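# Geometric and topological summary
Read off the chains here:
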Amino acid sequence: MRERMKTVILIMLILSSLFMTTNLLFGQPYLETAEPPAYEQVSFGELRPLREQILPVLRLGRAEEWLELQPWHKGYQDAWHHLLWLCQHARELHKEMPPAESNSQQIRVTFAAGVDLSWWVTNSSVKGLQIQEIRWYADEPQTAWLKTDSSQWLCASLSRLPSNWQQQLTELFQHGWKLRLATETDLAGLKPAAGGVLIPQTIPKLPVYTAVVEKLEREKLLSSVFVNLALVRKIEERDGAEIYTDGLKGLRFFRQGTLEFTAPENEPGLLPLSHDEVLRQGAQYLQLMGGWPEQLYLKEVLATEQLTGNRSHWHTYELHFQTVDKGWPLVSSSPALSLHFSDQGVIYYSRQIYYLESAATAALPLVTPAQALQALVDNLTVPAAEIYLLSVEPVFYLAAADKEQALARPAWFIELANGQTAIVDGHTGQFRAWLE
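Residues numbered from 1 in each chain as written. Predicted model: local features only at pLDDT ≥ 70, side-chain atom pairs only at ≥ 80, totals over all residues. Heavy atoms only, no water.

Looking now at the pairing of strand E18 (residues 316–325). Every other side chain in a regular strand lies on the same face of the sheet, so the side chains alternate between the two faces. Most of E18 sits inside the fold, with 9 of its 10 residues counted as buried. Across 8 bridges, the pairing between strand E17 (residues 296–304) and E18 is antiparallel. Within E18, the position partnered with Ala303 by the bridge is Tyr317. Judged from the 5 bridges that link them, E18 and strand E20 (residues 337–342) form a sheet pairing that is antiparallel. (Buried < 20%, exposed > 50% of the residue type's maximum accessible area, 1.4 Å probe, protein only. Helix = DSSP H or I, 4+ residues; strand = E, 2+ residues; numbered from the N terminus. Pairing = 2+ DSSP bridges.)

What follows is the structure, encoded as C-alpha cells:
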C-alpha cells in the first residue's frame, strides 16, 4: 500500500513538473512582445474646450459712459452669443484703421490674447487670424473692425443687420458694470493710457471676507503625476511642506495649501507650438493636475524665449489664471495658478486657489479711485507725470491674518503701462503692496 502511494505521488510530481515546464516555455510571451503594464488614467473633471478657455470683455457705450460685461457677469453668455453675429458675417477684409473719434453707440470686444474666431463661428474670411479686439459703431452699422495680435487693424463688411439686432443691445447689457471715463481730477497726476481709463460710475460697497483654500485629493494627484508610486520617495521639510519626487520631477505640498510641481528636464522646448496647441495642452495639464474649476479664468498667455546658444531651444509658454468669486476677482502676491510648459511637458506649475467663505465685517464703500491713485503716487520713485495708467478696478486682496485664517480685503488693483501692478486697501486707502 505504501509503495502504491509513493508511485501515485511520483506520477503527480512528474505531471506537475511537465505542466509548469510547458507553461514556462510556451505560456509567457517574449519580453519584446509583452504588453506594457497598464496604469489607470487619472483626471480631474472634464476637458475645457477652446471656445470656453478665452472669453472676451464686452463693452457697450459711447464717449464717456460704458456698460461692461465680464465672463462671470449675469447675462454675459446671451450678450456674447448676440455679438458673434459680427464675427459670423465679416467679409471682404482689408487694412483700415477704425474711426479715431465717434459719438455714436459703440461695441468693443477685447480678448486677453489673440484668438481664432473660427472657434465660435464658421466664417472662412476670419479663419486662421489671431484677433485681439473687435469694434462696431452704430453710425456705420455695415462695418466692423478687427485688430490682430500684431496690432494691425482690418476693416470688414457686414451684411444687413438682423431685425432688432441693434435695439436688443441695451437690454442684453442691462446687467453690465457701469463705467465712466476717468477725468484729470481722478488720475492724481498720472497720464491715462491711449483711449483713456475707465472707472466705476458708482463706488461699490464690499465687506471683508474670510477665505478658504481649495482641497485637492493628494493620493489622486500623486497617481496622476507619477506613473509608479513605488519609485517615489517622500521628504518632509522643517516648515511643514512635503515633497514627493522620483529623482526627475517633484511635487511639493505646502502647509498653507500651495501646490508646486517642477520638472527641469522639460526645459527648454524643442519645437514651437501654435496658439491653439498652447491652449489645448494647458487645458489637458489642468485636467490631470487638479482640474479647472468654474471660478478659475485664464488671464494671460505668454510665449517666452530662453537665452540659450541654440535658437531651437527657445520655445516655452506660460499661462496665468485668476479666481473670481461672488462677482469679483481675487488677487494675491502671485497668480492663483501658473503653468509653465514646453512641447516636452510641464516645467513648473503653481496652484493656490482660494474661495470666499463668509463676511467678516459689514459692507463699506471703497475709497474713490482718486484716493487710491494718490496713495500709489505717494509710493512712486519717479514723477507721476512720467507714468501711464492702464486700469484701476475693485478686487479682493488675499492677505493672511495669521497662519490659520486668510482674509480677502476689498482693494483697488492698479495696473501701470510699465508692467507694474499695485494694491491699495479699499477701506483705508493705504498702499498695500507692489505685486509680481
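We now examine the sheet that holds strand E1 (residues 57–62). Here 9 strands make up an open sheet; going across it, the order is E3-E7-E6-E5-E4-E1-E2-E8-E10 and the pairing antiparallel. Two strands in the sheet have a free side with no partner beyond their single neighbour: strand E3 (91–95) and strand E10 (198–200). For this sheet, the mean inter-axis angle between neighbouring strands, taken without regard to orientation, is 25°. Sheet topology places E1 next to strand E2 (residues 65–69); 5 bridges connect them, and they run antiparallel. Bridge pairing in E2 places Arg62 opposite Glu65. (Axes fitted to C-alpha atoms, helices over the stretch in contact; angles between N-to-C directions.)

Another point: the pattern of salt bridges. Once the charged atoms of two side chains with opposite charge are near each other, the side chains can pair. Per the counting criterion, the structure on display carries 10 salt bridges. Put simply, Glu236 and Lys234 hold a salt bridge, and the shortest N to O gap is 3.7 Å. The exposure class assigned to Glu236 is exposed, which follows from its relative accessible area of 58%. A cluster of three or more residues bridged by salt bridges with shared partners is formed by Arg218, Lys234, Glu236 and Glu242. (Salt bridge = Lys/Arg side-chain N within 4 Å of Asp/Glu carboxyl O.)

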